[in-house]
Amino acid sequence: MTDLSVLLQLPFVQSAAVAIIVLAVASAIVGTALALRGLEFLSDGLVHSVFPGVVIGFIAAGTDGVYVGAGIAALIATVALTIASARGIGSDATIAVVLAGAFSLGIVIVSRSVDYASGLEHLLFGQLLTVSSADIVAICVLGGTAVLLVLGTWKEQLLVSFDRKQAQASGMRVLAYELALNIAIALVVVAAARAVGNLLVLALLIVPVAVARLVTRRVWAIAVVSLLVSVGCGLVGLWAGLWLSLDAGIQASPSAVLVLVLVALYLVVVIVTGLTAFAAARRRGAAAAAGRAPASAAGVVS
């Protein structure tokens, strides 16, 4: 059985753990604002729009070019989707077209490279166990900037989320705050490009917050719970991925295992909260029936 304490002494595991923690914190905070605005599908379109830039950067300059390519693509996609949404043309159909087109373009470009299968796998699922100190610096800078953008505009983000018309009527520059949040989402996507991969970063942004919203309705509590879920599942997923490779002999992407851990927790919480709500409804029904019974009996006696 793989000992976690022994694994954590390995430099590459320590780097992976640091990357996961930083990405988890950034994803939880940005993901909370994202969920309050109902931008899950828009963020999906943004994630896939970044993919061609990731591919071009990888082909042009190897792993060192991933952040540059992803950053350029993220900037273009963020501005375009924000303006489209503000002008009322950012419908689900429009986003779906952008999503499919951009992702397909990325696959076509990567298919021109020499090692198509390996390159595509690394770009989609990341290389969590090969992150370098330079990657850690990039993740911290990008993720930290995303967190500062959201926390620095937190009150405005809440007002836009809960009452956009009131925010506009008060003279608030709603488009600027929408752009700030979309840029924060893009920064998290770019930060995770090397470690987690383009395909799986969406799970980090959405699933922890979805879990938190099942157990609490307070905004601050959602942010805290999603942060704990993101960090906890991230580390458990890292250990599980290493265990599968070292003890079970199953070569699995640690990033993919991390996402499976998140999804498994979500399903468990859905079942538990569903059963709890059902039991509470049964108790209320029984109490209401018990309250009616004495009244009915009294009417018969009289």
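See the structure above.
Residues numbered from 1 in each chain as written. Predicted model: local features only at pLDDT ≥ 70, side-chain atom pairs only at ≥ 80, totals over all residues. Heavy atoms only, no water.

J.: Where do I start with the overall build of the protein chain in this structure?
T.: On a plain count of helices and strands, the protein chain comes out with 13 helices and zero strands. Along the chain direction, N to C, the helices and strands of the protein chain fall in the order α-α-α-α-α-α-α-α-α-α-α-α-α. When each of the 302 residues of the protein chain is scored for burial, the buried share is 44%. By element, 70% of the accessible surface of the protein chain is carried by carbon and sulfur atoms, the whole surface being about 14,600 Å². (Helix = DSSP H or I, 4+ residues; strand = E, 2+ residues; numbered from the N terminus. Buried < 20%, exposed > 50% of the residue type's maximum accessible area, 1.4 Å probe, protein only. Areas by Shrake-Rupley, 256 points an atom, 1.4 Å probe, with all protein chains shown as cover.)

J.: Is there a simple way to explain the side chain of Asn 182 in this structure?
T.: Looking at the secondary structure, you find Asn 182 in helix H10 (residues 174–191). When residues no more than four places from it in sequence are discounted, the contact partners of Asn 182 are Leu 39, Leu 42, Leu 46, Thr 78 and Thr 82. (Contact = heavy atoms within 4.5 Å.)

J.: What's the story with the environment of Arg 112 in this structure? I'm lost.
T.: Relative to the assigned elements, Arg 112 resides in the loop between helix H5 (92–110) and helix H6 (116–125). For Arg 112, a relative accessible area of 75% puts it in the exposed group. Between the C-alpha atom of Arg 112 and that of Ile 59, which follows or precedes it by 53 residues, the distance is 9.2 Å.

J.: What should I look at first to understand the nonpolar core in this one?
T.: Inside soluble globular proteins, nonpolar side chains tend to come together where they are buried. Counting residues in each nonpolar core, the largest one holds 69 residues, and the members touching the most others are Leu 23, Val 30, Ile 185 and Leu 238. Examining the composition of this core, we find that 11 residues originate from one element, helix H2 (residues 11–36), more than from any other. Once residues lying within four places of it in the same chain are set aside, the contact partners of Leu 23 are Ile 139, Ala 191, Ala 192, Ala 195, Val 196 and Leu 204. By size, the runner-up hydrophobic cluster in this structure holds five residues, among which are Val 160, Ala 167, Val 174 and Tyr 177. (Core = buried A, V, L, I, M, F, W, Y, C linked by side-chain atoms within 4.5 Å.)

J.: What's the story with the pattern of salt bridges in this structure? I'm lost.
T.: In a structure, side chains of opposite charge can pair up when their charged atoms sit close to one another. Evaluated as defined, the whole model comprises two salt bridges. Between Glu 178 and Arg 37 there is a salt bridge whose closest N-O contact spans 3.8 Å. One end of the pair, Glu 178, is in helix H10; the other, Arg 37, is in the loop between H2 and helix H3 (40–61), with 141 residues separating them in the sequence. Both residues of the pair, Glu 178 and Arg 37, belong to the buried class. Residue Arg 194 is joined to Asp 135 by a salt bridge in which the shortest nitrogen-to-oxygen separation is 2.9 Å. With Arg 194 in the loop between H10 and helix H11 (201–215) and Asp 135 in helix H7 (residues 133–152), this residue pair connects regions lying 59 residues apart in the sequence. (Salt bridge = Lys/Arg side-chain N within 4 Å of Asp/Glu carboxyl O.)

J.: Would you mind showing me how to read the environment of Ala 203 here?
T.: Relative to the helices and strands, Ala 203 is located in helix H11. Separated by 159 residues in the primary sequence, Ala 203 and Asp 44 place their C-alpha atoms 9.8 Å from one another. In this structure Ala 203 touches Pro 208, Val 259 and Leu 262, once residues within four positions along its chain are discounted.

J.: Would you explain H2 in this entry?
T.: Side chains three or four residues apart in an α-helix point the same way, a direct result of the helix having 3.6 residues per turn. Here H2 spans 38 Å end to end across 26 residues, near enough to the 38 Å set by a 1.5 Å rise per residue. Remark: Gly 38 follows H2 within two positions and exhibits a positive phi of approximately 65°. (Expected span 1.5 Å × (residues − 1).)

J.: Just to check I follow, could you spell out the packing of H2 against H11 for this structure?
T.: How two helices sit against one another is set out by the angle between their axes and by the gap between those axes. Where H2 contacts H11, the two axes come as close as 8 Å, and the packing angle between them is 65°. Taken together, H2 and H11 sit at an angle that is classed as roughly perpendicular. Of the two elements, H2 crosses H11, and the hand of that crossing is right-handed. From H2, Leu 23, Ser 27, Ala 28, Val 30, Gly 31, Thr 32 and Ala 35 reach across to H11, where they touch Leu 204, Leu 205, Val 209 and Arg 213. Taken together, the residues that form the contact of H2 with H11 break down as seven nonpolar, three polar and one charged. (Axes fitted to C-alpha atoms, helices over the stretch in contact; angles between N-to-C directions. Parallel < 35°, antiparallel > 145°, perpendicular 65-115°, else oblique. Left-handed = near helix turned anticlockwise from the far one by under 90°. Nonpolar A, V, L, I, M, F, W, Y, C, P; charged D, E, K, R; others polar.)

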